[in-house]
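Notes for the structure review
The lines below spell out each chain.
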Amino acid sequence: MTTPLTWLYAPADRPHLVAKALLAGADVVVVDLEDAVAPDRKEYARAATAEFLSDPQPLPVHVRVNALDGPLAAADLKALAHLPGVSALRLPKVTSPDQIRRVARSTSHPLYALLESALGIEHAYAVARAHPAVCGIALGEADLKADLGARTDAALDWPRSRVIVAARAAGLPPPPQSVHPDIRDLAGLAATCAHGRALGFLGRAAIHPRQLPVIERAYLPTEEELERAETIIKAATRNEGAQALQDGTFIDAAVVAAAQRTLSLAHRRG
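Residues numbered from 1 in each chain as written. Predicted model: local features only at pLDDT ≥ 70, side-chain atom pairs only at ≥ 80, totals over all residues. Heavy atoms only, no water.

Relative to the 18 Å expected for 13 residues at 1.5 Å per residue, helix H8 (residues 157–169) spans 18 Å between its end C-alpha atoms, a close match to the ideal helical length. Those residues of H8 that sit buried are Pro 159, Arg 160, Val 163, Ile 164, Ala 166 and Ala 167. The arc that holds the buried residues of H8, viewed along the axis, is 165 degrees, so those residues lie on one side. Among the exposed residues of H8, those pointing more than 90 degrees away from its buried face are Trp 158 and Val 165. In this structure, the buried residues of H8 make contact with strand S5 (111–115), helix H5 (118–122), helix H6 (124–128), strand S6 (134–139), helix H7 (141–148) and helix H9 (186–199). At the C-terminal side of H8, Gly 171 shows a positive phi close to 80 degrees. (Helix = DSSP H or I, 4+ residues; strand = E, 2+ residues; numbered from the N terminus. Expected span 1.5 Å × (residues − 1). Buried < 20%, exposed > 50% of the residue type's maximum accessible area, 1.4 Å probe, protein only. Arc of directions from axis to C-beta. Contact = heavy atoms within 4.5 Å.)

In structure tokens, the structure reads:
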């Protein structure tokens, strides 16, 4: 299975944009019933999504339902519970493992939990381990920043690391980064992707197709990284016991595993 690097959001009340998103080149399309839909369009969005996803789709489609503690989530979950076009459900504003377990009882779809508050961050590991249906966790940075009263983007680095560590400790894949909200700021997108990759994220959510190639380039290994990974793997397979590369780097199991992860992404480079 190809490692997802790009997750493209599309508004649920605009089926033509969902159809376009499926052709935009993203690894995963996220149909958004929550933030992208005005209150007076919620019922239409739910019905349109149920109709659109009543058939299998050519790539994974996740649906972000409305907030679990609100009045709309139950109807969303009922409408989406068994649709063949839904690959997973994304659950916003999760704050406790009990919320995950309640949802898991009502659907057979894989679940992704979005942590968007201080309480959600505090419970990150418990949420990640709440149920076997949980396939990933991620941050919702706009809501979290507001909840924390954070004035700078750097203030989110600790919660970012907390979610990355919680995901890995629970045996889940590294989470993707939250969206970059300015669709015209591609330089800023690239810079923040580089920072997110350094922290341990893998891939990123997007809100416009033009962001996709920037995200993919940022998360794919460079030629230098691939060459180094190949050197490490070759050295490790010689089975000569403890050894170091020419630059002095000692080769151990962790270094070899990192090299293998790098090579696993190599086939995506065009």
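So, on to the sheet that holds strand S1 (residues 6–11). Read across the open sheet, the seven strands follow the order S6-S5-S4-S3-S2-S1-S7; overall the sheet is parallel. Of all the strands in the sheet, the pair left with one neighbour each is S6 and strand S7 (204–206). Between one strand axis and the next, the sheet turns through 25 degrees on average, direction left out of account. Bridge count between strand S4 (residues 88–91) and S5: three bridges; the pairing is parallel. Counterpart to Leu 91 in the pairing with S5 is Ala 113. Against the sheet, helix H4 (residues 97–104) makes contact with S4, S5 and S6, and its axis sits at roughly 150 degrees relative to S5, the strand it touches most. (Pairing = 2+ DSSP bridges. Axes fitted to C-alpha atoms, helices over the stretch in contact; angles between N-to-C directions.)

In this section: the environment of Leu 80. Within the fold, Leu 80 resides in helix H3 (residues 73–80). For Leu 80, a relative accessible area of 1% translates into the label buried. Note: C-alpha distance between Leu 80 and Ala 50 (30 residues apart in sequence) is 6.4 Å. Dropping the residues within four chain positions of it, Leu 80 is found in contact with Leu 33, Thr 49, Val 63, Val 65, Val 86, Leu 89 and His 109.

Taken by themselves, the reported measurements are silent on function.
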